[in-house]
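# Topology and contacts: notes
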Amino acid sequence: MVCVLLSGLGVLGLLWFNLLYYPGIGLDGIGGDNSGAALTGAAKAFAESESLFFDRLLDSDQLTKPDGGIVAWSTVALRTRDGQELRAWVALQWTRTWGWNRYACHLLADPRDRILFSESQLGIGSMNKVRYVLRRLWAEELRRFREVHRVLL
């Protein structure tokens, strides 16, 4: 019974973190009319959590929804410590109630993802592929915790 209760609390904690806490961290106080600053802030926090350096926003755009909300997105240029350029995708959503929130932040064409598209390395339906995907999800969760930790410091 105690294990079930602790597991339930853990799941509720992860849901709270991923749905309510993490999306808006570090974006407080940025108005809906300043999507560039919100995108830059989210991109910088993402880059630091991946041990990368923010270079610049590339193609950015935004859409105003009929309810007054705003969706903004951008491709971001990042640099590794050795100077290699990587691209990331950052998408945010603004509402009057919650302000700016992260919708998506991830590397584009991440070299670690090649295994998902290579049938020769892992067979379709293989448990190895399932384990790999679960490890990647866990790694993303840890990256989010690092991002929150660095934003709060």
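Structure: above.
Everything numeric in this text was worked out from a predicted model, so none of it was measured.

## Let's talk about the overall build of the protein
A count of helices and strands for the protein gives 3 helices and 4 strands. Moving toward the C terminus, one meets the helices and strands of the protein in the order α-α-β-β-β-β-α. Among the 153 residues that make up the protein, the fraction classed as buried is 34%. Within the protein, contacts between residues separated by at least 24 positions form 49% of all contacts whose residues are at least 6 apart in sequence. With an accessible surface of roughly 9,700 Å², the protein has 62% of that area assigned to carbon and sulfur atoms.

## Some details on helix α3 (residues 127-152)
For α3, with 26 residues, the first-to-last C-alpha span of 38 Å sits near the 38 Å given by 1.5 Å per residue. For α3, every residue scored as buried is listed here: K129, Y132, E141, R143, E147 and V148. Those residues of α3 that are buried lie in contact with α1 (2-21), α2 (35-49) and β4 (99-107).

## A few points about the packing of aromatic side chains
Tallied over the entire structure, the rule returns 3 aromatic pairs. Aromatic pair F17 and Y21: ring centres 6.1 Å apart, planes at 40 degrees, arrangement tilted. Within this pair, F17 and its partner Y21 are both found in helix α1, separated by 4 residues, close to a single helical turn. Between F17 and F145, the aromatic rings sit 4.2 Å apart at their centres with planes inclined by 15 degrees, giving stacked as the arrangement. One end of the pair, F17, is in helix α1; the other, F145, is in helix α3, with 128 residues separating them in the sequence. On the basis of relative accessibility, which here comes to 36%, the residue F145 falls in the partly exposed class.

## Description of the nonpolar core
L78, V90, L92, W100 and L107 are the most contacted members of the largest nonpolar core, which has 20 residues in total. When contributions to this core are tallied by element, the ones reaching two or more residues are α2, β2 (70-79), β3 (85-95) and β4. Looking at this core, the element that brings in the most residues is α2, giving 6 residues. Leaving out residues up to four positions away in the same chain, L78 has contacts with F46, A47, L52, F53, F54, D55, Q84, E85, L86, A88 and L107.

## Looking at the pairing of β4
For β4, the buried fraction is high: 7 of the 9 residues fall into the buried class. As paired elements, β3 and β4 share 8 bridges and run antiparallel to each other. Counterpart to L92 in the pairing with β4 is R102. Taken together, β3 and the strand that follows it, β4, pair antiparallel across an intervening segment of 3 residues.

## A closer look at the packing of α2 against α3
Helix-helix packing is described using two parameters, namely the angle between the two axes and the distance between the axes. It is at 8 Å that the axes of α2 and α3 come closest, and there the two elements cross at 115 degrees. As α2 packs across α3, the resulting crossing turns out to be right-handed. On α3, the residues touching A42, A45, F46, E48 and S49 of α2 are R143, R146, E147, R150 and V151. Residue composition of the contact of α2 with α3, by class: 4 nonpolar, 1 polar and 5 charged.

## Describing the side chain of N101
Relative to the assigned elements, N101 resides in strand β4. When residues no more than four places from it in sequence are discounted, the contact partners of N101 are P23, G24, L27, A91, L92 and Q93.

## Concerning the pairing of strand β1 (residues 53-64)
Examined bridge by bridge, β1 and β2 share 9 bridges and lie antiparallel to one another. When the bridges of β2 are listed, S60 appears paired with S74. Adjacent in sequence and paired antiparallel, β1 and β2 are bridged by 5 residues, among which G68 carries a positive phi angle near 95 degrees.

Parameters and conventions
- Residues numbered from 1 in each chain as written.
- Predicted model: local features only at pLDDT ≥ 70, side-chain atom pairs only at ≥ 80, totals over all residues.
- Heavy atoms only, no water.
- Helix = DSSP H or I, 4+ residues; strand = E, 2+ residues; numbered from the N terminus.
- Buried < 20%, exposed > 50% of the residue type's maximum accessible area, 1.4 Å probe, protein only.
- Contact = heavy atoms within 4.5 Å.
- Areas by Shrake-Rupley, 256 points an atom, 1.4 Å probe, with all protein chains shown as cover.
- Expected span 1.5 Å × (residues − 1).
- Phe/Tyr/Trp six-rings, centres within 6.5 Å; stacked < 30°, edge-to-face > 60°.
- Core = buried A, V, L, I, M, F, W, Y, C linked by side-chain atoms within 4.5 Å.
- Pairing = 2+ DSSP bridges.
- Axes fitted to C-alpha atoms, helices over the stretch in contact; angles between N-to-C directions.
- Left-handed = near helix turned anticlockwise from the far one by under 90°.
- Nonpolar A, V, L, I, M, F, W, Y, C, P; charged D, E, K, R; others polar.

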